[in-house]
Amino acid sequence: MTEINPNMENDPGRETCKESPFKTYKKAFFIFWSVFLVGLTAIVLLFTGVSNGTFGFMPTFEELENPKSSLATEIYTFDGELLGKFYFQNRSFIDHDELSPYLIDALIATEDVRFETHSGIDLRGLGRVAKGLITRDRNAGGGSTISQQLAKMLFPREEFTSKLDIVFRKFREWIIAVKLERSYTKEEIMTMYFNKYDFLNLAVGIKSAANVYFNTTPDSLRIEQAAMLVGMAKNSSYYNPLRRPELTQRRRNTVLSQMVKYGYLENQLADSLKQLPLGIDYQKVDHKRGMAPYFREYLRMSLTARKPERKNYPSWNMQKFKRDSLEWEINPFYGWCNKNQKSDGTPYNIYKDGLKIYTTLDLRMQKYAEQAVEEHLGLDLQKAFDREKESHRNPPFSDDLSDKEFEHQMDLSIRRSERHRVLKKKGLSFKQIKENFKKPVKMKIFTWKGERDTIISPMDSMLYYKGFLRAGFMSMVPQTGEVRAYVGGPNYKHFMYDMVTLGKRQVGSTIKPFLYTLAMQEGLSPCDKVPNIPQTFILPDGTPWTSRNSTNKKAGEMVTLKWGLANSVNNISGWVLKQTKPEAVVSMARKMGVVSPIEAVPSIFLGTSDISVYEMVGAYGSFANKGVYIKPRFITKIEDSRGSLIAQSVPQKSEVMNERTAYLMANLLQGVVNKGTGVRLRSKYHLYNPIGGKTGTTQNHSDGWFMGITPELVSGVWVGAEDRAVRFETIGLGQGANMALPIWALYMQKVYKDNNLNLLKGEFEKPRGMNLNLDCDEPANAGSNAGSDDFDEEDFF
């Protein structure tokens, strides 16, 4: 056996068995570079795979160059004001020069102080994050640059199932951020960030946020306002100024401190700004609020309408099918979204294509119209109506309605309600549904002094709302057809049915000018005299029908046509009708834009036909426009999101009467205002400029109308309740001169008072060569009992 020498390790010969230091270094060098190169290769392959979309979605160059965003369509008024928006997301883009410099400084100081120098990834920031993870320092800050945050917003993160997915996702964001930096300038990235961020409460993008929270524009934001909005960018759900104002204020002050730290703000100024409250001026985004809600809803429904198909209309509503079909054919903006396509072949979408719709509405005149409706209905007429109904058996219904008829009306209202539809779907019988309608619940109800919280049963709620008088008002420039004001009701949130274009009611005596137009067209003049005697017509079944007057004023005398129209005398209308025929009146109404059904019967001049305010205003425009009918217009042009013109309105006009006839009709209508049923425009409202008009009152005073024309404006008003059985009991309160005329008068007072509108009070232009004497020899007080639109129920049949 060989012995081991314990002194062997001191043997010099053993050196030959050891590795040399060079070899050890070489081996370590090899291992290090192998690991480094393998790691580098893996990282390169990883980034390559991520960049190519191997490990998940990666946007293409085209997607980076044209990131998709849902943009709100903006509606502008004739005078250049933003009226409202249509949107899925309430976002509107702005340019960099529209950003307040305080916004830019605050965002850089808070989120990415090296924004101007890095290329999408901030290595120092990543190092700070790594150090924070190791030391568990929660205040170390984040490492995402503004470009990375934009990448997250433009291309949202997918759902992940493992920690590895999170790693890949982070790599994707880095790569997208670098690509964004290569594709866009710093200014463009900053602008895209502010345009994209969702500030909550339907405020998507800085333009919406500035308006929603501070009622201002991005370029007008003050330092503290900009700081609050930038502070929300950390987490807008958490830093919500409406729900957590104190927390949001602390976050705002942190942003101000960051601005001081990086030299964007003086310390002394920051300290004073930190003491300020948030100063929120919240503008709730709600399509039911704001100016012209009925008009905006009409635009939305009209632009997005589909081509009418008979199968989509119930048998009882074929008239609407015919009307919609006609609109589809002759109105280029009806169904515009479905009639026109974008460059990619898809139809336009008003909720996300960022269109700009320029309308004919004037915001100032719209405000005056809404004020006029509110003042007359809320401060005067509704109070008078409520007083009259206090003693009724089933208020607000007329006592003419029997208890059985009342119950039938309420049953109909229940069946038409959304609550009935829901309960019926749950399997409840009608009896059970009626019991449900009697149970009190909490709800907000409308009052003319504002909404009120109360506890009331749905049944009583229906009765309560049926007691409110409603109105429809439209004002138009007769020479262009441009509609300047549109009020479909007293309050869109609580009374959503539009009484300008959708609602139709009996027009009463406002139809008589169509008949008188035929007389003027046949050579008669306002001063021609005719007998004021009953006129009898033989009906197709052989029975006679005789027109009746409500009073015996000037009965049996020879009176002028002007006096007959001014006082709405049915005997005179009957005489005029005998010079022509009912079919001719219908034909004239059709030429003047009335498409609603009108029966060609002898009683046609009593106005039993249901016609809309929209149709009547368009028709009366012919009198003020020298006999030329122009279809009322709501839109002037539409631009795409880049500002390119894609649609433009062209007036649709036709000559329906000669200039002489139109002038004579204007003169006849002036007689109504000067000495007839419209005289209170002069006596009460002190409007002394040339005005023509016609009042209208229907059966049992259910509907009150006033149509008024001046050389520059034609406006029409209807007032009534939802149910015809809800009405004034007396002619004094229920006539058109009391129900509708005051709204027209209040509106005109306001528009004339606004010198910026430049409305003249000129005369109706007389045709050349016309020398006809129109100063009829009538006593000055000929229409003084005439401040009322006298009317008798027996005038109907």
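What counts, and at which threshold
- Residues numbered from 1 in each chain as written.
- Predicted model: local features only at pLDDT ≥ 70, side-chain atom pairs only at ≥ 80, totals over all residues.
- Heavy atoms only, no water.
- Helix = DSSP H or I, 4+ residues; strand = E, 2+ residues; numbered from the N terminus.
- Contact = heavy atoms within 4.5 Å.
- Areas by Shrake-Rupley, 256 points an atom, 1.4 Å probe, with all protein chains shown as cover.
- Polar contact = N/O pair within 3.5 Å; in protein donor to acceptor, adjacent residues only side chain to side chain.
- Phe/Tyr/Trp six-rings, centres within 6.5 Å; stacked < 30°, edge-to-face > 60°.
- Buried < 20%, exposed > 50% of the residue type's maximum accessible area, 1.4 Å probe, protein only.
- Lys NZ or Arg CZ within 6 Å of the ring centre and 35° of its normal.
- Disulfide = S-S within 2.5 Å.
- Axes fitted to C-alpha atoms, helices over the stretch in contact; angles between N-to-C directions.
- Parallel < 35°, antiparallel > 145°, perpendicular 65-115°, else oblique.
- Left-handed = near helix turned anticlockwise from the far one by under 90°.
- Nonpolar A, V, L, I, M, F, W, Y, C, P; charged D, E, K, R; others polar.
- Patch = residues over 30% accessible without salt bridge, like charges linked within 9 Å, V, L, I, M, F, W, Y side chains within 5 Å.
- Salt bridge = Lys/Arg side-chain N within 4 Å of Asp/Glu carboxyl O.
- Pairing = 2+ DSSP bridges.
- Lys, Arg positive; Asp, Glu negative; His and termini not counted.
- Charge placed at Lys NZ, Arg CZ, Asp CG, Glu CD.
- pLDDT = per-residue confidence, 0-100.

Undergrad: Hey, could you go over the overall build of the protein for me, with residue numbers and the actual values?
TA: In terms of regular secondary structure, the protein is built from 29 helices and 20 strands. Taking the contacts inside the protein whose residues are at least 6 apart along the sequence as the reference set, 69% of them involve residues at least 24 apart. Summed over all atoms, the accessible surface of the protein reaches about 39300 Å², with 52% contributed by carbon and sulfur.

Undergrad: Break down helix α17 (residues 418–425) for me, with residues and values.
TA: Two to three positions downstream of the cap, the backbone nitrogen of H420 sits 3.2 Å from a side-chain oxygen, assigning the N-cap of α17 to S417. Downstream of α17 by one or two residues, G427 has phi in the positive range, about 95 degrees.

Undergrad: Before we move on, can you summarise the packing of aromatic side chains with the specific residues and values?
TA: Counting across every chain of the model gives 31 aromatic pairs. Both rings, one in F295 and one in Y486, keep their centres 5.6 Å apart while their planes meet at 65 degrees; by these two values the pair is edge-to-face. With F295 in helix α12 (residues 293–303) and Y486 in strand β7 (residues 483–487), the pair connects residues that are 191 residues apart, well separated along the chain. Relative accessible area serves as the criterion here: at 0%, Y486 is assigned to the buried category. Feature note: the residues F446, W448, Y464, Y465, F468 and F495 constitute an aromatic cluster, connected by ring pairs. K186 extends its terminal NZ or CZ atom over the ring of F115, reaching a point 4.6 Å from the ring centre.

Undergrad: Please provide a residue-by-residue account of the state of the cysteines, values included.
TA: Taken as a whole and judged by the stated rule, the model has one disulfide. The disulfide partner of C527 is C776, and the gap between their sulfur atoms is 1.9 Å. Taking the torsion about the S-S bond as the criterion, the C527 to C776 disulfide, at about -100 degrees, is left-handed. Of this pair, C527 sits in the loop between α20 (512–521) and β9 (529–531) while C776 sits in the segment after α29 (741–753); the two residues are 249 residues apart in sequence, bridging distant segments of the chain.

Undergrad: Now, about the packing of α20 against helix α25 (residues 659–675): what can you tell me, with residues and values included?
TA: Between α20 and α25, the shortest axis-to-axis distance is 9 Å and the interhelical angle comes to 130 degrees. Regarding the angle of α20 to α25, the classification is oblique. The crossing of α20 and α25 is right-handed. Along the contact surface, α20 presents P513, Y516, T517, M520 and Q521, while α25 presents R660, T661, L664, M665, L668 and L669. Here the residues of the contact of α20 with α25 are counted per class, giving seven nonpolar, three polar and one charged.

Undergrad: Explain a nonpolar patch on the surface residue by residue, including any values.
TA: Side chains of Y25, F29, F32, W33, F36 and L37 sit close together on the surface and give an oily, nonpolar patch of about 650 Å² of accessible area. Looking at where F32 falls in the secondary structure, it is placed in helix α1 (residues 21–51).

Undergrad: Account for the sheet that holds strand β15 (residues 635–639), naming residues and giving values.
TA: Strand order in the open sheet formed by five strands is β2-β1-β3-β15-β16, and the pairing between neighbours is mixed. With one partner strand each, in any of the chains shown, β2 (82–86) and β16 (645–648) form the two edges of the open sheet. Each strand of the sheet is rotated relative to its neighbour by a mean of 20 degrees, with strand direction disregarded. Here strand β3 (residues 356–359) runs beside β15; their pairing, made up of four bridges, is antiparallel.

Undergrad: Could you give me a rundown of helix α7 (residues 186–196), with the residues and numbers involved?
TA: Across the 11 residues of α7, nine count as buried, placing the element largely inside the fold. Looking at α7, one finds that the buried residues are K186, I189, M190, T191, M192, Y193, F194, N195 and K196.

Undergrad: Residue-level account of the sheet that holds strand β20 (residues 714–720), with values.
TA: Pairing in this open sheet of five strands is antiparallel, and the strands run β7-β6-β20-β19-β18 from one edge to the other. The open sheet is flanked by β7 and β18 (692–697), the only strands paired with a single partner. On average, adjacent strands in this sheet sit at an angle of 5 degrees to one another, irrespective of strand direction. With four bridges connecting them, strand β6 (residues 470–476) and β7 associate as antiparallel partners. Directly across from M474, in β7, lies its bridge partner Y486. Each of β6, β7 and β20 is contacted by helix α15 (residues 363–389), which is oriented at about 30 degrees to β7, the strand it contacts most.

Undergrad: Help me get a handle on a negative patch on the surface, residues and values and all.
TA: A cluster of acidic side chains, namely D95, D97, E98, E116, E187, E188 and D219, defines a negative patch on the protein surface. For E116, the position within the fold is in the loop between α3 (101–111) and α4 (123–135).

Undergrad: Describe the packing of helix α24 (residues 613–624) against α25, naming the residues involved and giving the relevant values.
TA: Packing of α24 against α25 brings their axes to within 7 Å, and their N-to-C directions diverge by 110 degrees. Here α25 runs roughly perpendicular to α24, going by the angle between their axes. Residues Y620, S622 and F623 of α24 lie in contact with α25, whose contacting residues are A662, M665, A666 and L669. When the residues that make up the contact of α24 with α25 are grouped by side-chain class, the tally is six nonpolar, one polar and no charged.

Undergrad: Describe the confidence of the model for the protein, with residues and values.
TA: When pLDDT is averaged along the protein, the result is 88; 86% of the residues meet or exceed 70. Contacts of residues 779–797 to residues separated by more than four positions or lying in other chains number 61 contacts, the stretch itself having pLDDT below 50.

Undergrad: Account for the side chain of R251, with residues named and values stated.
TA: By the secondary structure assignment, R251 is in helix α10 (residues 245–261). Taking the relative accessible area as the measure of exposure, R251 reaches 11% and is therefore buried.

Undergrad: Break down the side chain of H420 for me, citing the residues and quoting the values.
TA: Secondary-structure assignment places H420 in helix α17. Taking relative accessible area as the criterion, H420 reaches 8% and is therefore assigned buried. When sequence neighbours within four positions are dropped, the list of residues in contact with H420 reads I414, R415, F430, I433 and F437.

Undergrad: Could you give me a rundown of the pairing of β3, with the residues and numbers involved?
TA: Burial along β3 is one-sided: the residues I357 and T359 are buried and none of K356 and Y358 is. With three bridges joining them, strand β1 (residues 73–76) and β3 adopt parallel strand pairing. Bridge pairing links Y76 to Y358 in β3.

Undergrad: Lay out unusual backbone geometry with the relevant residues and their values.
TA: Cis geometry marks the peptide bond from P395 to P396; its omega dihedral reads 10 degrees. Here P396 is to be found in the loop between α15 and α16 (403–415). A positive phi angle, near 75 degrees, is found at L200, a position not held by glycine. Tracing the chain through its elements places L200 in the loop between α7 and α8 (206–214). Even without a glycine there, the phi angle at N215 is positive, about 55 degrees.

Undergrad: Which residues make up the pairing of β7, and what values go with them?
TA: Here β7 lies mainly inside the structure; five of its five residues are buried. Counted along the chain from β6 to the antiparallel partner β7, the turn is six residues long, and its residue G481 has a positive phi close to 80 degrees.

Undergrad: So, the pattern of salt bridges: which residues are in play, and what are the values?
TA: Counted by the stated rule, this structure contains 34 salt bridges. We note a salt bridge from E74 to K207, for which the minimum N-O separation is 3.2 Å. A residue pair is termed long-range when its members are at least 10 positions apart, and E74 in strand β1 and K207 in helix α8 qualify at 133 residues. When its relative accessible area of 23% is taken as the criterion, K207 is described as partly exposed. Among the ionic pairs, K750 bridges to E375, the shortest N-O distance being 2.8 Å.

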